[in-house]
Amino acid sequence: MTQPRTPAGTTPGTAPRPGLWQPVLLRAAAALVFGAVTIFWATPSVEVMGWAGGLYLLATGVLLLRGIPATGFQRNAAPGKMLSAAGAVLAGGGISLVLLHGDLLFGVVAAAGLGVAGAFELLCGLTLRGRHVLSRDWITSGAIGLGTAAVLPFFIGLGAHALLGVVGGGAIISGVLWVLSGLTLRHDAGHAAGKP
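Being a predicted model, the structure only gives us computed values, none of them experimental.

(A) The side chain of aspartate 137, seen in detail. When you line up the elements, aspartate 137 lands in helix α5 (residues 135-151). Setting aside residues up to four positions removed in sequence, aspartate 137 forms contacts with Leu177, Trp178 and Ser181.

Here is the structure:
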């Protein structure tokens, strides 16, 4: 019996589905909208910081969780478990930041959420390196999350604007990454379907 053909760079069961570009672009949009808010809001209050940062983490976590089926993984498979853990940590951190406000709280919760989720994404990407179309994106996104988490505690004493700026900077970088990835996936899906 012959194995079904899959796109180059993937293995059976991890081949991207035609709709994979949609959750990737939604994640990019959430990151870029949050990044724009952090740039253009000159003097955010602690409450604004909590709401903006919390909604960003919550949206990213939910979109990550909802996008797992499009990756071709079951939630109970190892990659699905890693991505589920990343999404759950981000969503939980987001809810905490929406409900509770404070510079120290924001710095600790956001750093923990981004760091743990980044570690899971990095691990998932490294595990699937060369075998899934999103493996490099997960590696890069995970590294960005870990880097943001490592730097964030040093800005706790500088207030809401600085804290939002650090998280927003990481969001913009990862948002651009996910836009490029999503557009590439959309282009490839169009070619696979025979569209020019």
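That was the structure; now back to the text.
(B) Spatial organisation of the nonpolar core. Judged by nonpolar contacts, the single largest core of 40 residues is most densely connected at Phe106 and Trp138. Broken down by element, this core gets its largest block of residues, 9 residues, from helix α6 (residues 160-192). The residues touching phenylalanine 106, leaving out its near neighbours within four places in the chain, are Met49, Gly53, Leu97, Ala111, Leu152, Leu163, Leu164 and Val167.

(C) Broad picture of the pattern of salt bridges. In this structure the tally under the stated criterion is 1 salt bridge. Notably, a salt bridge pairs glutamate 121 with arginine 27, separated by 2.7 Å at the nearest N-O pair. On the criterion of sequence distance, the pair formed by glutamate 121 in helix α4 (residues 103-127) and arginine 27 in helix α1 (residues 21-40) is long-range, its members being 94 residues apart. Relative accessible area serves as the criterion here: at 3%, glutamate 121 is assigned to the buried category. Residue class for arginine 27 comes out buried when judged on its relative accessible area of 9%.

(D) Spotlight on the confidence of the model for the protein chain. Mean pLDDT over the protein chain: 85, with 87% of residues reaching 70 or higher. Of the regions scoring below 50 in pLDDT, residues 1-10 engages in 14 contacts with residues more than four places distant in sequence or in other chains.

(E) Structural detail: the packing of helix α2 (residues 46-71) against helix α3 (residues 78-99). At a minimum axis distance of 7 Å, the contact between α2 and α3 shows a crossing angle of 155 degrees. As the angle between them shows, α2 and α3 are arranged roughly antiparallel. In this structure, the crossing between α2 and α3 has a hand that is left-handed. Broken down by class, the residue content of the contact of α2 with α3 amounts to 15 nonpolar, 10 polar and no charged.

(F) Broad picture of the side chain of serine 181. Among the secondary structure elements, serine 181 is positioned in helix α6. Among the residues examined, serine 181 registers a relative accessible area of 7% and is labelled buried. Within polar-contact distance, the side chain of serine 181 engages the side chain of aspartate 137 at 2.9 Å. Not counting the four nearest positions on each side in its chain, serine 181 is found in contact with Val24, Leu134 and Asp137.

(G) Expanded view of the packing of aromatic side chains. All chains considered together, the criterion is met by 1 aromatic pair. When the ring of phenylalanine 34 is compared with that of tyrosine 56, the centres are 4.4 Å apart and the planes differ by 5 degrees; the resulting orientation is stacked. Of the two residues, phenylalanine 34 is situated in helix α1 and tyrosine 56 in helix α2; the sequence distance between them amounts to 22 residues. Neither phenylalanine 34 nor tyrosine 56 differs from the other in exposure class; each is buried.

(H) Looking closely at α1. If you check α1, its first and last C-alpha atoms are 28 Å apart, about what 20 residues at 1.5 Å a residue would give, namely 28 Å. Where α1 is concerned, the buried positions are Pro23, Val24, Arg27, Ala28, Ala30, Ala31, Phe34, Gly35 and Thr38. Seen along its axis, α1 keeps its buried residues to an arc of 155 degrees; they face one direction. Residues of α1 that are exposed and point more than 90 degrees away from the buried face comprise Val33, Ile39 and Phe40.

About the thresholds
- Residues numbered from 1 in each chain as written.
- Predicted model: local features only at pLDDT ≥ 70, side-chain atom pairs only at ≥ 80, totals over all residues.
- Heavy atoms only, no water.
- Helix = DSSP H or I, 4+ residues; strand = E, 2+ residues; numbered from the N terminus.
- Contact = heavy atoms within 4.5 Å.
- Core = buried A, V, L, I, M, F, W, Y, C linked by side-chain atoms within 4.5 Å.
- Buried < 20%, exposed > 50% of the residue type's maximum accessible area, 1.4 Å probe, protein only.
- Salt bridge = Lys/Arg side-chain N within 4 Å of Asp/Glu carboxyl O.
- pLDDT = per-residue confidence, 0-100.
- Axes fitted to C-alpha atoms, helices over the stretch in contact; angles between N-to-C directions.
- Parallel < 35°, antiparallel > 145°, perpendicular 65-115°, else oblique.
- Left-handed = near helix turned anticlockwise from the far one by under 90°.
- Nonpolar A, V, L, I, M, F, W, Y, C, P; charged D, E, K, R; others polar.
- Polar contact = N/O pair within 3.5 Å; in protein donor to acceptor, adjacent residues only side chain to side chain.
- Phe/Tyr/Trp six-rings, centres within 6.5 Å; stacked < 30°, edge-to-face > 60°.
- Expected span 1.5 Å × (residues − 1).
- Arc of directions from axis to C-beta.

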